[in-house]
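Understanding the architecture of this molecule
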Amino acid sequence: MAHPTQSGFQDAASPLMEELLHFHDHTLMVILMISTLVLYTIITMTLAKLTDMLVLDSQEIEVIWTILPAIVLTFIALPSLRILYLMDEVSDPHLTIKATGHQWYWSYEYSDYENLEFDAYMIPTQDLTPGQFRLLEADHRMVIPVESPIRALVSAEDVLHSWAHPRPGIKVDAIPGRLNQTTFMASHPGVFFGQCSEICGANHSFMPIAIEAVPLPHFENWTSLMIEDA
Amino acid sequence: MSETIQEKLNNYKTAPFDARFPNTNQTRNCYQNYVDYHRCNKALEAKGQDLTPCQWYMRVYKSLCPNSWVSRWDEQIENGSFAGKI
C-alpha cells in the first residue's frame, strides 16, 4: 500500500509492473538530465556579462540539437514499445476471475469449476481492527494463487467503475455490457490493495479491492472453505 | 492434438486463448460460446447424437460470462425473447 508522503511507485508485485518501474526510472533519468542541462544553460546565459550582438544563426548547432534529441527519443521509444507489446502478449491463463463493479462494492466470480461468488465491501473505519488499513481493507479478499497467470474479466452492473491496483500494475475500466480482459501474475505472496478508479457516485472512494496472493494449496483450501460457507 | 472431447473436458483448466478474440474486449467471446452451446445442443439433439461435445462451450461460457448475464439470457431463452439466433 502507499505510504504517507510517498513520491515513487509502490513495489512491483508482478513482472509487468517491474518492467514499467524500470522504464519509468530510465525515462525519468533522461528527463532529469535534459532538464539539468537546460537549466544550467539558461542560468549561465542569463548571468553572463558578455553579449554577442552579431550572432544571428548557426546551422551547425541547429543540426546538433535536432539530431541529438531524436537519438534520445529513440532510446525512450524502443523500451516503451517493447513494454507495450509485452503487455499484449498472449498468455495461457490458469484461472479466470470475473470482477464486477457495483455501486459501491466489487463482486467476484470464480466459475471455472464450481461456482464461487462473493461480494467485497469496504470495512468501515470504525470496524477496523488494529493493524488494518483505512479505506483499503475489504471484508472479502480476492484470493489468487501466486505465480500463476490469471485472467481477470472486468465488467460493471450499473455505472462505470475501474478495477485498479498499483502493485500488480493493473487498471481496467469496468463498463456495463462489456467484458474487459487483463492477464497478470503475482510474483510473490502478499496482499495488494487497489481502489476504484472511475467516478461512480457517492461512495466511489470507498469501494476498495484487496487481492491476496497465496501458495496454491492455500488457495485450494480457501476456495473449498468459501464454497462450503456459501 | 487428437484428444477426445472427454479428455479435453477432463483437462479443462479455464477458457483457453481464442484467436478469434485476441483483444481486450471479450464480450463477444462470452456471447459466442453461450450461443454456440445452445446451437450445438439444438443441432445434436435434432440428429439424436450425444450432447457431450457441447459441454465444452458450456465450460467456456461459464468461465467467461458474468453469472448475471447468463441468468438473464437463460430467462430470455425460456421466455422466447432471446435476441440471438439459436
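Thresholds, definitions, all that
Residues numbered from 1 in each chain as written. Chains lettered and ligands numbered in written order. Predicted model: local features only at pLDDT ≥ 70, side-chain atom pairs only at ≥ 80, totals over all residues. Heavy atoms only, no water. Helix = DSSP H or I, 4+ residues; strand = E, 2+ residues; numbered from the N terminus. Rg over C-alpha atoms; globule rule 2.2 N^0.38 Å. Buried < 20%, exposed > 50% of the residue type's maximum accessible area, 1.4 Å probe, protein only. Contact = heavy atoms within 4.5 Å. Areas by Shrake-Rupley, 256 points an atom, 1.4 Å probe, with all protein chains shown as cover. Lys, Arg positive; Asp, Glu negative; His and termini not counted. Charge placed at Lys NZ, Arg CZ, Asp CG, Glu CD. Salt bridge = Lys/Arg side-chain N within 4 Å of Asp/Glu carboxyl O. UniProt positions renumbered as here; feature names shortened; annotations may be inferred. Core = buried A, V, L, I, M, F, W, Y, C linked by side-chain atoms within 4.5 Å. Patch = residues over 30% accessible without salt bridge, like charges linked within 9 Å, V, L, I, M, F, W, Y side chains within 5 Å. Buried area = accessible area lost by both parts, 1.4 Å probe. Polar contact = N/O pair within 3.5 Å; in protein donor to acceptor, adjacent residues only side chain to side chain. Nonpolar A, V, L, I, M, F, W, Y, C, P; charged D, E, K, R; others polar. Domains from an automatic or database assignment. Axes fitted to C-alpha atoms, helices over the stretch in contact; angles between N-to-C directions. Parallel < 35°, antiparallel > 145°, perpendicular 65-115°, else oblique. Left-handed = near helix turned anticlockwise from the far one by under 90°.

**Here's the deal with the overall build of chain A**
- Within chain A one finds 3 helices and 10 strands.
- In summary, chain A has a C-alpha radius of gyration of 24 Å against a globular reference of 17 Å for 230 residues, an excess of more than 25%.
- Considered along the principal axes of its C-alpha atoms, chain A spans approximately 85 × 40 × 35 Å.
- With 230 residues in all, chain A has 36% of them scored as buried.
- A separation of at least 24 residues holds for 64% of the contacts in chain A among residues at least 6 apart in sequence.
- For chain A, the exposed area adds up to about 13800 Å²; of that, 63% sits on carbon and sulfur atoms.
- A gap of 5 Å separates the mean positions of the 9 positive and 28 negative side-chain charges of chain A.

**Observations concerning the pattern of salt bridges**
Residue and element names in this part refer to chain A.
- Per the stated rule, a full pass over the model turns up 5 salt bridges over all chains.
- Its salt-bridge partner being Glu 109, residue Lys 98 comes within 3.3 Å of it at the nearest N-O pair. A residue pair is termed long-range when its members are at least 10 positions apart, and Lys 98 in strand β1 (residues 95–102) and Glu 109 in strand β2 (residues 105–110) qualify at 11 residues. Each member of the pair, Lys 98 together with Glu 109, is buried.
- Where Glu 212 meets Arg 141, a salt bridge forms, and the shortest distance between an N and an O atom there is 3.2 Å. Within this pair, whereas Glu 212 is found in strand β10 (residues 208–214), its partner Arg 141 is found in the loop between β3 (116–120) and β4 (142–145), the two being separated by 71 residues in sequence.

**Regarding the UniProt feature "domain: Cytochrome oxidase subunit II transmembrane region profile" (unreviewed entry) in chain A**
- The feature "domain: Cytochrome oxidase subunit II transmembrane region profile" (unreviewed entry), as given by UniProt, occupies residues 1–91 of chain A in the numbering adopted here.
- Secondary structure over residues 1–91 of chain A splits into 68% helix and 0% strand, and the C-alpha atoms at its two ends are 27 Å apart.

**Observations concerning unusual backbone geometry**
Residue and element names in this part refer to chain A.
- Here the residue pair Gln 103 and Trp 104 is connected by a cis peptide bond, since its omega of 5° sits within 30 degrees of zero.
- A positive phi is found at Glu 147, a non-glycine position, where the angle reads about 55°.
- Relative to the helices and strands, Glu 147 is located in the loop between β4 and β5 (150–156).
- Glu 147 sits in the exposed class, given a relative accessible area of 54%.

**Focus: the nonpolar core**
All names here are of chain A.
- One finds Trp 106, Tyr 108, Tyr 110, Met 142, Ile 144, Trp 163 and Phe 184 to be the most contacted residues of the largest nonpolar core, which totals 39 residues.
- Tallying contributions element by element places β10 first for this core, with 5 residues.
- With sequence-adjacent residues up to four places away left out, Phe 184 is seen in contact with Met 142, Ile 144, Ser 148, Pro 149, Ile 150, Ala 152, Trp 163, Pro 168, Ile 170 and Ile 211.

**Here we look at a nonpolar patch on the surface**
- The grouping of Val 63, Ile 64, Ile 67, Leu 68, Ile 71 and Phe 75 of chain A at the surface amounts to a nonpolar patch, some 580 Å² of accessible area in total.
- For Ile 64 of chain A, the location among the structural elements is in helix α2 (residues 59–87).

**Observations regarding the interface of chain B and chain A**
- On the side of chain A, 23 residues touch chain B, which itself brings 21 residues to the contact.
- Per-residue buried area on chain B facing chain A is highest for Lys 13, Thr 14 and Asn 67 of chain B; these three make up 28% of the total on that side.
- For the pair chain B and chain A, the interface holds 0 salt bridges.
- Summed over the shared surface of chain B and chain A, the number is 16 residue pairs in polar contact (both at pLDDT 80 or more).
- Considering each element in turn, the side of chain B that touches chain A owes the most residues, 4 residues, to helix α3 (residues 54–64) of chain B.
- Classifying every residue of the side of chain B that touches chain A gives 9 nonpolar, 9 polar and 3 charged.

**Points about the UniProt feature "domain: Cytochrome oxidase subunit II copper A binding" (unreviewed entry) in chain A**
- Per the UniProt annotation, the sites labelled "domain: Cytochrome oxidase subunit II copper A binding" (unreviewed entry) are residues 92–225 of chain A.
- Within the segment residues 92–225 of chain A, helix and strand shares are 7% and 43% respectively, and the terminal C-alpha atoms sit 27 Å apart.

**Quick word on the domain arrangement of chain A**
- Considered domain by domain, chain A is made up of domain 1 (15–47 + 59–88) and domain 2 (95–229).
- Computed over C-alpha atoms only, the centres of domain 1 of chain A and domain 2 of chain A are separated by 36 Å.

**Thoughts on the environment of Met 1 of chain A**
Residue and element names in this part refer to chain A.
- Mapped onto the fold, Met 1 is located in the segment before α1 (15–47).
- Using a relative accessible area of 26% as the deciding quantity, one classes Met 1 as partly exposed.
- Between the C-alpha atoms of Met 1 and Gly 194, which are 193 residues apart in sequence, the distance is 8.2 Å.
- Setting aside its immediate chain neighbours within four residues, Met 1 contacts Gln 6, Gln 10, Phe 133, Leu 136, Arg 167 and Phe 193.

**Re a positive patch on the surface**
- A contiguous patch of positive charge on the surface is contributed by Arg 28, Arg 39, Lys 42 and Lys 85 of chain B.
- Secondary-structure assignment places Arg 39 of chain B in helix α2 (residues 27–47).

**Some points on the packing of α2 of chain B against α3 of chain B**
Residue and element names in this part refer to chain B.
- Where α2 contacts α3, the two axes come as close as 8 Å, and the packing angle between them is 155°. Relative to α3, α2 is oriented roughly antiparallel. Every pair of crossing elements has a handedness; the one defined by α2 and α3 is left-handed. Here Asn 29, Cys 30, Asn 33, Tyr 34, Asp 36, Tyr 37, Cys 40, Asn 41 and Leu 44 of α2 come into contact with α3, specifically with Cys 54, Gln 55, Tyr 57, Met 58, Val 60, Tyr 61 and Leu 64.
- When grouped by side-chain class, the residues that make up the contact of α2 with α3 number 11 nonpolar, 4 polar and 1 charged.

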